[in-house]
Amino acid sequence: MRKQIAAANWKMNLSLAEAESLTKEIIKSEISVSSDQLVLLAVPFPYLEKVQILTAGNPAFAVAAQNCAATKNGAYTGEVSAQMLMGMSIPYVLIGHSERREYFHEDHNILTSKVDLALESNLNIIFCCGEPLFIREAGNQNSYVEAQLKESLFHLSEPAMKNVIIAYEPIWAIGTGKTASSEQAQEIHAHIRHVISKQYGETVAQSISILYGGSVKASNAAEIFSKPDVDGGLVGGASLVATEFTGIINSLKR
Ligand code: PEP
């Protein structure tokens, strides 16, 4: 049975003190997380260790990095390698977020290298995909997202693919307050599962969690997550507010 996941993406926000108090507030809140659910906190690199310590011993929580380098090691000032994350026992890494694709020009060659290095280091990947507005308006979102998956993931072996979580995040819905309707989310999530099934078979496709991201809030999460192929969410803005994020956690399907 695939996991239902509430993943927070803090991006480049919060002071260390704020990060600490947000984590503590979430942990002590009234949340119920069953064994087939997971709360992921994708936090800035300097906070990984602190949040890891705060969540240690709580199997409902895991920490994720927001990025890793596209090269193994060497003279790449400012970069953080997948191997370094593994050395810190960080279990998850986000790859392919639209902000990385847009602002840091991460194309599919770069993303493929990151995917390969992360998996080589035994990290689990949350691979982000999603279309810009003009693609959605032209009705070409399914083929656009399918190409993103094929370009950066479909060279993987079946066992490697099982370490991947997909986050479908339409760019027009990220940080805009505009959310895809639950029907729009279900339609493209079903398509994503279908293309994974064509490549890897139905058993693998059914085992992979596909998260929705784009202006998820406590007030709309339950409706979006209720759809059969939506296995939770990747949450930006609302994950910075404890009451919002815990509401989202409590909206996961059971
Ligand atoms: C994100 O950046 O992954 C995201 C989904 O942001 P927001 O929830 O703020 O739209």
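Relevant structure appears above.
Chains are numbered independently. Their residues run from 1 in the order of the written sequence. Selection of residues for local features in this predicted model requires a pLDDT of at least 70, selection of side-chain atom pairs for listing and counting requires 80 or more, and totals for whole chains, interfaces and linings are taken over all residues. The side-chain numbers reported here are obtained from all heavy atoms of the structure, hydrogens and water having been left aside.

### Some points on the packing of aromatic side chains
Item 1. Only the six-membered ring of Trp is used, alongside the rings of Phe and Tyr, when aromatic pairs are assigned; centres must lie within 6.5 Å, and planes under 30 degrees apart are stacked while those over 60 apart are edge-to-face, with the rest tilted. Following the criterion strictly, the structure yields two aromatic pairs and no others.
Item 2. Here Tyr168 and Tyr212 contribute two aromatic rings whose centre-to-centre distance is 6.3 Å and whose plane-to-plane angle is 50°, an arrangement assigned as tilted. Residue Tyr168 is located in strand S6 (residues 164–168), and its partner Tyr212 is located in strand S7 (residues 210–213); the two are separated by 44 residues in the primary sequence.
Item 3. Think of it in three bands: with a 1.4 Å probe and only protein chains considered, a residue is buried below 20% of the maximum accessible area for its type, exposed above 50%, and partly exposed in between. What makes Tyr212 buried here is its relative accessible area of 0%. A run of H or I in DSSP becomes a helix once it reaches four residues, and a run of E becomes a strand once it reaches two; helices and strands are each numbered from the N terminus.

### Some thoughts on the packing of helix H1 (residues 16–28) against helix H12 (residues 242–249)
Item 1. A fitted line through C-alpha atoms represents every axis, and for helices the fit uses only the stretch in contact; the resulting angles, taken between N-to-C directions, go from 0 to 180 degrees. Here H1 crosses H12 at 40°, and the two axes come no closer than 10 Å. Between H1 and H12, the angle is such that the two are oblique. The element H1 and its partner H12 pack so that their crossing is right-handed. Within the contact between the two elements, H1 uses Leu22, Glu25 and Ile26 and H12 uses Ala242, Phe245, Thr246 and Ile249.
Item 2. The classification used treats Ala, Val, Leu, Ile, Met, Phe, Trp, Tyr, Cys and Pro as nonpolar, Asp, Glu, Lys and Arg as charged, and all other residues, Gly among them, as polar. Class assignment for the residues of the contact of H1 with H12 results in five nonpolar, one polar and one charged. The cut-offs work like this: below 35 degrees is roughly parallel, past 145 is roughly antiparallel, 65 to 115 is roughly perpendicular, and the gaps in between are oblique. Put simply, a crossing is left-handed when the front helix is turned counterclockwise from the back one by less than a right angle, and right-handed when it is turned clockwise. Residue contacts are defined here by distance: any two heavy atoms, one from each residue, within 4.5 Å place the two residues in contact.

### Concerning the pairing of strand S5 (residues 124–129)
Item 1. Burial analysis of S5 places six of its six residues in the buried class, which makes it a mostly covered element.
Item 2. Side chains of S5 alternate between two faces, with Asn124, Ile126 and Cys128 and Ile125, Phe127 and Cys129 buried alike.
Item 3. In short, DSSP must find at least two bridges between two strands for them to pair. When strand S4 (residues 92–95) meets S5, the two strands line up parallel, connected through four bridges. Opposite Tyr92, over in S5, you have Asn124 as the bridge partner.
Item 4. Pairing of S5 with S6, which is carried by five bridges, proceeds in the parallel orientation.

### A closer look at the nonpolar core
Item 1. Within the largest apolar cluster, 68 residues are counted, with the highest numbers of intra-cluster contacts made by Leu149, Leu153, Met161, Ile166, Ile192 and Ile196.
Item 2. Beyond its immediate stretch of four places on either side in the chain, Ile196 contacts Phe154, Met161, Ile166, Gly201, Val204, Ala205 and Ile208.
Item 3. We define the nonpolar core as a collection of buried residues of types Ala, Val, Leu, Ile, Met, Phe, Trp, Tyr and Cys that are connected through side-chain atoms lying within 4.5 Å of one another. With 15 residues, the next largest nonpolar core counts Ala7, Ala62, Leu94 and Ile165 among its residues.

### So, the site of the ligand
Item 1. We call a residue near a molecule or strand when any one of its heavy atoms sits within 4 Å of it. The ligand sits among 15 residues. The nearest are Lys11, Glu169, Gly175, Ser215 and Gly236.
Item 2. Take His97: an N or O atom from its side chain is 2.8 Å from an oxygen atom of the ligand.
Item 3. The definition of a polar contact used here is a pair of N or O atoms within 3.5 Å, where within protein one atom must be able to donate a hydrogen and the other to accept one, and adjacent residues in sequence count solely through side-chain atom pairs. Gly236 has a polar backbone atom sitting 2.8 Å from an oxygen atom of the ligand.
Item 4. Areas reported as accessible are Shrake-Rupley estimates using a 1.4 Å probe. Residue values count occlusion only from the protein chains shown. Across the complex, the protein chains shield 95% of the 290 Å² of accessible surface that the ligand would expose by itself.

### What to know about the sheet that holds S5
Item 1. On the basis of which strands lie adjacent, the closed barrel formed by eight strands has the order S1-S2-S3-S4-S5-S6-S7-S8 and parallel pairing. Direction aside, neighbouring strands of the sheet carry axes that sit 25° apart on average.
Item 2. Sheet strands touched by helix H7 (residues 141–152): S5 and S6. Its angle to S5, the strand with the most contacts, is close to 145°.
Item 3. Across the sheet, H12 touches strand S1 (4–9), strand S2 (37–42) and strand S8 (232–235), and the angle it forms with S1 is around 160°.

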